[in-house]
Structures are given as structure tokens and as C-alpha cells.
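Analysis of the macromolecular model
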Amino acid sequence: MPDPNPNPDGDRVVLGTPEIAACPQPVYERMRAQCPVARDAFGGFPILSRHDDVLWALRHPEIFSSEMEMQMALGTARPMIPQQIDPPRQTDFRRILDPQFSRRRMQAIEPNVRQHAGELIDAFIDAGSCEFNSAFAIPLPCTAFLHLMGLPPEELELFLELKDGIIRPHLKSSDLEEMQTIRKQTGERIYAYFENLIERRRTKPCDDMTSYLVGAELDGRPLTNEEILDVCFLLLLAGLDTVTATLGCSVAYLAENPEQRRRLIEDPSLIPAAVEELLRWETPVTGVPRIVKREVTLHGVKLEAGQLVMLLLGASNTDDAEFREARKVDFDRERNRHLAFGGGPHRCLGSHLARLELRVALEELHRRIPDYRIEPGKTPRFSPGIREVQYLPLTWDTA
Amino acid sequence: MKVRVDADACVGHGRCYELAPDVFDEDVRGHCRIRTTSVSDELEKQALRGEANCPEGAIVVEPD
């Protein structure tokens, strides 16, 4: 077999810049074709990009583990559950959590999500312009989270601050050590907040997620406080930025492709398919990390035990070995096995909630503001990693 | 046509019961449950759509 990486430096790729985050698909294409096991130019870790490789890795947690030694990086004292633990323990927790996040269960909160989406639009529709990320994409998933957790909507500001303290400590400091301190302190505030909430729900349960977790059983015993906290921490971190990023990427695409948007306005029943196709094409959560548990060789490259590997979901979702006319954004695509929510046992727990939020948001937005565009002369700004459109200036004509 | 699902491969993406609700249903965890293993001609298109959109490739539709 010929060496797929003949040039020793040819396998190094740069993914972590705002320019590439704005349009990553061409880099993905080069990686799949030239170096299916690429190397991150900054971190040095291997990156898998082909659909069959990524799916295979996702489905083999005994080789590609989710148990990281870098949990401290996100301000947590312990791994988040179930994202950072492996089967079989992970499976036990998914048995408890999956029913709470099933599609059927999520249908019950649709009216609430729709109401919040409507209220957010009410606030800016008459102005004829908005910065979409801060006006809509950030608050909508956070209000849905608060509703799910049985928390009052007034907590919005607090939770946005807590989330940013973990994910964006660089907004407060550029010093690496200080950033870690901000993360750790924010982590402690999150633990304290949920500990207090768990105590209150133990005394007086109601119909919300925390009460459910307090009452849940694992191997015939109740969950410990720490286990419940580790689940709550994940729900806070995983459910907000990811949907924010997907809303931003989807609306940015639709703003720049009016003929595609026109189809959704004329036939809103296309929206669920558009949600899936934009998840595929944009893949806002570009990749998921894993730790190699036992040595394995892939395309002639040895992956060593203990090594961090990135599974590049975005590249796998634009692979023409799996997707017909992969470069075409096609709302009529008949076969769409995208991995935007990952795959295998760690398939995104909140995928049904995310889909609901995305569908309702696109329905309400296009019903109320069908003709929007990027503000002339302005350019949307994307962040790498999770492709959040941090700056998305939209404008439209008012009556 | 016959339809079957590999229960070990299903992880609850839910594409099948969303796109082909007359052939597939969801269990309490949101995993796939087949309504009928034997698919009539009118449901064949739905069954194939479910198969084509399962990210895990857990669904197989084949002739009797």
C-alpha cells in the first residue's frame, strides 16, 4: 500500500482560525483526499476525516474512549456524565436520561419554545435589523434549558454568564492562568447553584429534570449528589452553545442563499429537511475528541494508546463516498446519514431537543421575517471549534 | 418486503420514526421499534426512507 502521507509536513492542517471556520468545507475535502489521518498544526494530534473512519471510531468506544484526563480544562472537578464516561457505566446513565430527552418527551415543550422564539422576534422585528447571535441564537437555547430544568426565565442572565465563564474565559482575561482560575471559580458556582437546587427538589419535588434525577435509580440505589451534579453540569454546557452555533450557521447560510430561503417560505413543510441538510453541510460542532485506548493503525498511521484523536464530524458529513453530490446543499436529499450529532453510544443526548429548537426557530423566523439579508458591507464572524457566528448582522424591510 | 433493525446498532437518532412513522415507532428511550416486519407495497417507500437515513446503518429492508 502506498504511503498516504508521503510528505512529512503534508499531513499538517490548520483548522483553528476564524477564516477557516467561516468556510471549512474545502479544507475537509483536502484532508479526506490527501491525508485521512491528518495532524493538527497546533495541537499535533491526529484527525480522522473520512465518513467511514469517523463512524467506525464513534462506534468503538473500547478503542476510542471518552474518558479524558483534561476534564479540569472545563472547570469541572469530575467527568461530566454521560459525555465523559465510557460504556457500560455510560449505558446505565443513558437508560435513565434517554427517556427524558426522547422526541416524544420534547414535543411537550414545543409550545414553550415557540412562545420564547416569538417573544425574542417581537423585540427586534420593528427595528428592521438585529445582531442575530445576541438577539436570538444565544437566548433561545438558554430559555429552553431553564424551562426544562424547572428554573425561572429570570435566571437567563446568570446562566449566560456561567456558561461564558467556562467556555469563554478569554472574554474576561487573556492570561492563561487567569483563564483557568475563572473557569474553576465558575465551575464552583455552577456546582453550588445545582447543589442548592437538588436540595430544594429533594425536599419538595416538582415536574422537572432535577426532581426526576433526584428520584432516579441506578442498580437499585438513588443517584448520589455528585452524579446528579455531573449530569447537570453537562446539560448546562452541552445544550446552549451547540444550538446557538447551529442557529447562527443555518441563518447565515439562508441569508446568503435567498433562493434556498425562498423555498422554505413558500413551503414551510420543507423546514425539517432543511434543518437536517444544514446540520450536515454546516456541522457547527466540527469534531469530537477521543482518547485512544489501545494501539491501532489506520491508513498506515499508528495511533498510540493514550493519544488524543479528533473525529472531524464536519469532514465526514461532506464526504462524497457517503453523500451524493456532497457539495450541494439539497433540501430534497433522499439519503442523509449525517453525523452532526455524533454516533454510536454517545449520540448527542439532546439531539431531539436541538432539532425541535431549530425547527421552531426557522418556522417562526421565516413566518415573521421572510426577507432578511446580511447587512450590506458587513461580514459575519465565525469562531473555530464550535462554529458560532459571533457576529451576524441581519437587516430587513419594515412595513 | 421485510424490514429489520439491528437493536445493538440503534442508538436512538430517531430518523426512522420521524420520516417513516407508519413503519417505525419509538420505545421509551427513543430507540427504534418496528411496527410491522412485513412491509406492504404502499409502505415500502417509507421503509426505504427510514433505511436511507439511519446514521448507524441499523435498518435493513429486503425482499421477502
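Numbers given to residues run from 1 along each chain, matching the order in which its sequence is written. Each chain is given a letter, starting from A, and each ligand a number, starting from 1, according to the order in which they appear as written. Totals for whole chains, interfaces and linings use every residue, but because this is a predicted model, local features are given only for residues with pLDDT of at least 70 and side-chain atom pairs only at 80 or more, for both listing and counting.

Considerations on the overall build of chain B
Our working rule: Secondary structure counts use DSSP, requiring at least four H or I residues in a row for a helix and at least two E residues in a row for a strand, with both numbered from the N terminus. Note on method: radius of gyration uses C-alpha positions; expected globular size equals 2.2 Å times residues raised to 0.38. For the exposure call, what matters is how many other C-beta atoms sit within 10 Å of a residue's own: 20 or more marks it buried, 12 or fewer exposed, and in between partly exposed, using C-beta atoms placed from the backbone. Contact between two residues is assigned when their C-beta atoms, built from the backbone, lie within 7 Å.
Each helix and strand counted, chain B has 2 helices and 4 strands in total. The helix and strand sequence of chain B, counted from the amino end, reads β-α-β-β-α-β. What you see for chain B is a C-alpha radius of gyration of 10 Å, in line with the 11 Å of a compact globule of 64 residues. Along the three orthogonal principal directions, the C-alpha set of chain B runs to about 30 × 15 × 15 Å. A burial count over chain B gives 44% of its 64 residues as buried. Sequence separation of 24 or more characterises 59% of the internal contacts of chain B that already satisfy a separation of 6 or more.

Section: the overall build of chain A
From N to C terminus, chain A includes 16 helices and 15 strands. Per-residue burial over chain A gives 44% buried out of 399 residues. For chain A, the share of sequence-separated contacts (at least 6 apart) that also reach a separation of at least 24 residues comes to 70%.

Some words on the packing of helix H12 (residues 225–256) of chain A against helix H14 (residues 271–282) of chain A
Residues and elements named next belong to chain A. How we decide: To get an axis, fit a line to the C-alpha atoms, keeping to the stretch in contact for a helix; angles then go from 0 to 180 degrees between the N-to-C directions. Any angle between 65 and 115 degrees counts as roughly perpendicular, while under 35 counts as roughly parallel, over 145 as roughly antiparallel, and the rest as oblique. In this classification, the charged set is Asp, Glu, Lys and Arg, the nonpolar set is Ala, Val, Leu, Ile, Met, Phe, Trp, Tyr, Cys and Pro, and all remaining amino acids, among them Gly, are polar.
Put simply, H12 and H14 touch, their axes get as near as 10 Å, and they point 100° apart. Looking at the two axes, H12 sits roughly perpendicular to H14. Contacts between H12 and H14 pair Thr-246, Cys-249, Ser-250 and Tyr-253 from the former with Leu-278, Leu-279 and Glu-282 from the latter. Partitioning the contact of H12 with H14 into residue classes produces 4 nonpolar, 2 polar and 1 charged.

Side note on the interface of chain A and chain B
With 19 residues of chain A at the interface, the matching set in chain B holds 14 residues. Looking at the side of chain A that touches chain B, the elements with two or more residues in it are helix H5 (103–107) and helix H16 (351–368) of chain A. Here the side of chain A that touches chain B is built from residues that sort into 4 nonpolar, 7 polar and 8 charged.

Focus on the nonpolar core
To be explicit about the condition: Only buried residues count toward a nonpolar core: Ala, Val, Leu, Ile, Met, Phe, Trp, Tyr and Cys, linked into one set through C-beta atoms within 7 Å.
If you look at the biggest cluster of nonpolar residues, it comprises 98 residues, and the most contacted ones within it are A:Val54, A:Leu311 and A:Leu312. When residues of this core are assigned to their parent elements, the largest contribution, 18 residues, is made by H12(A). Beyond its immediate chain neighbours, meaning those up to four positions away, A:Val54 contacts A:Leu48, A:Leu311, A:Leu312, A:Leu313, A:Ser316 and A:Leu339. Within the second largest apolar cluster, 17 residues are counted, among which are B:Val5, B:Leu19, B:Val23 and B:Ile34.

Considering the confidence of the model for chain B
This is how the line gets drawn: pLDDT is a per-residue confidence score from the predictor, ranging from 0 to 100.
The predicted model of chain B averages 96 in pLDDT, with 100% of residues at 70 or higher. Interface confidence for the predicted complex, expressed as ipTM, amounts to 0.97; the pTM equals 0.96.

Describing the environment of A:Glu161
Residues and elements named next belong to chain A. By secondary structure assignment, the location of Glu-161 is in helix H9 (residues 156–167). A residue is classified by how many C-beta atoms lie within 10 Å of it, and Glu-161, with 11 of them, is exposed. Note: C-alpha distance between Glu-161 and Thr-186 (25 residues apart in sequence) is 8.9 Å.

A look at the sheet that holds strand E1 (residues 12–13) of chain A
Cut-off, in case you're wondering: Strands are treated as partners if at least two bridges between them are detected by DSSP.
One open sheet accounts for 6 strands, arranged E1-E2-E3-E11-E8-E4 (chain A); its pairing is mixed. Each edge of the open sheet is held by one strand with a lone partner, namely E1 and strand E4 (64–65) of chain A.

A look at the packing of H12(A) against H16(A)
All names here are of chain A. Our working definition: Crossing handedness is defined as follows: a turn of the near helix away from the far one that is anticlockwise and smaller than a right angle gives a left-handed crossing, while the clockwise case is right-handed.
Contact geometry for H12 and H16: axes closest at 10 Å, N-to-C directions at 35°. Here H12 and H16 pass one another in a crossing that is right-handed. Residues Gly-239, Thr-242, Val-243, Thr-246, Leu-247 and Ser-250 of H12 touch H16, and the partners they reach there are Leu-353, Ala-354, Glu-357, Leu-358, Ala-361 and Leu-362. Taken together, the residues that form the contact of H12 with H16 break down as 7 nonpolar, 4 polar and 1 charged.

Regarding the sheet that holds strand E12 (residues 372–374) of chain A
All names here are of chain A. Here 3 strands make up an open sheet; going across it, the order is E5-E15-E12 and the pairing antiparallel. Two strands in the sheet have a free side with no partner beyond their single neighbour: strand E5 (129–131) and E12. Taken over all neighbouring pairs, the strand axes of this sheet differ in orientation by 25° on average, direction set aside. In terms of strand pairing, E12 meets strand E15 (residues 393–396) through 3 bridges, oriented antiparallel. Along E15, the bridge assignment pairs Tyr-372 with Trp-396.

A word on the environment of A:Glu295
All names here are of chain A. With respect to the helices, strands and loops of the structure, Glu-295 is situated in the loop between strand E8 (288–292) and strand E9 (296–298). By C-beta crowding, Glu-295 is classed as exposed, having 12 other C-beta atoms within 10 Å. On a C-alpha basis, the gap between Glu-295 and Ile-190 in space is 37 Å, while along the polypeptide they are 105 residues apart. Excluding residues that lie within four positions of it along the chain, Glu-295 makes contacts with Lys-302, Leu-303, Glu-304 and Ala-305.

Quick word on the pairing of E15(A)
Across 3 bridges, E5(A) lies against E15(A) in antiparallel orientation. For A:Ser129, the partnering residue across the bridge sits in E15(A) and is A:Thr395.

Quick look at unusual backbone geometry
Residues and elements named next belong to chain A. Here Ile-81 and Pro-82 are connected by a cis peptide whose omega angle stands at 0°. One can find Pro-82 in the loop between E4 and helix H4 (89–97). Across the junction of Pro-87 and Pro-88, the peptide omega takes the value 5°, indicating a cis bond. Along the chain, the position of Pro-88 falls in the loop between E4 and H4. With a phi angle near 35°, Thr-283 is a residue other than glycine that sits in the positive phi range. Secondary-structure assignment places Thr-283 in the loop between H14 and E8. Thr-283 sits in the buried class, given 27 other C-beta atoms within 10 Å. Within the chain, His-299 stands out as a residue other than glycine whose phi angle is a positive 50°. Residue position: His-299 is located in the loop between E9 and strand E10 (301–303).

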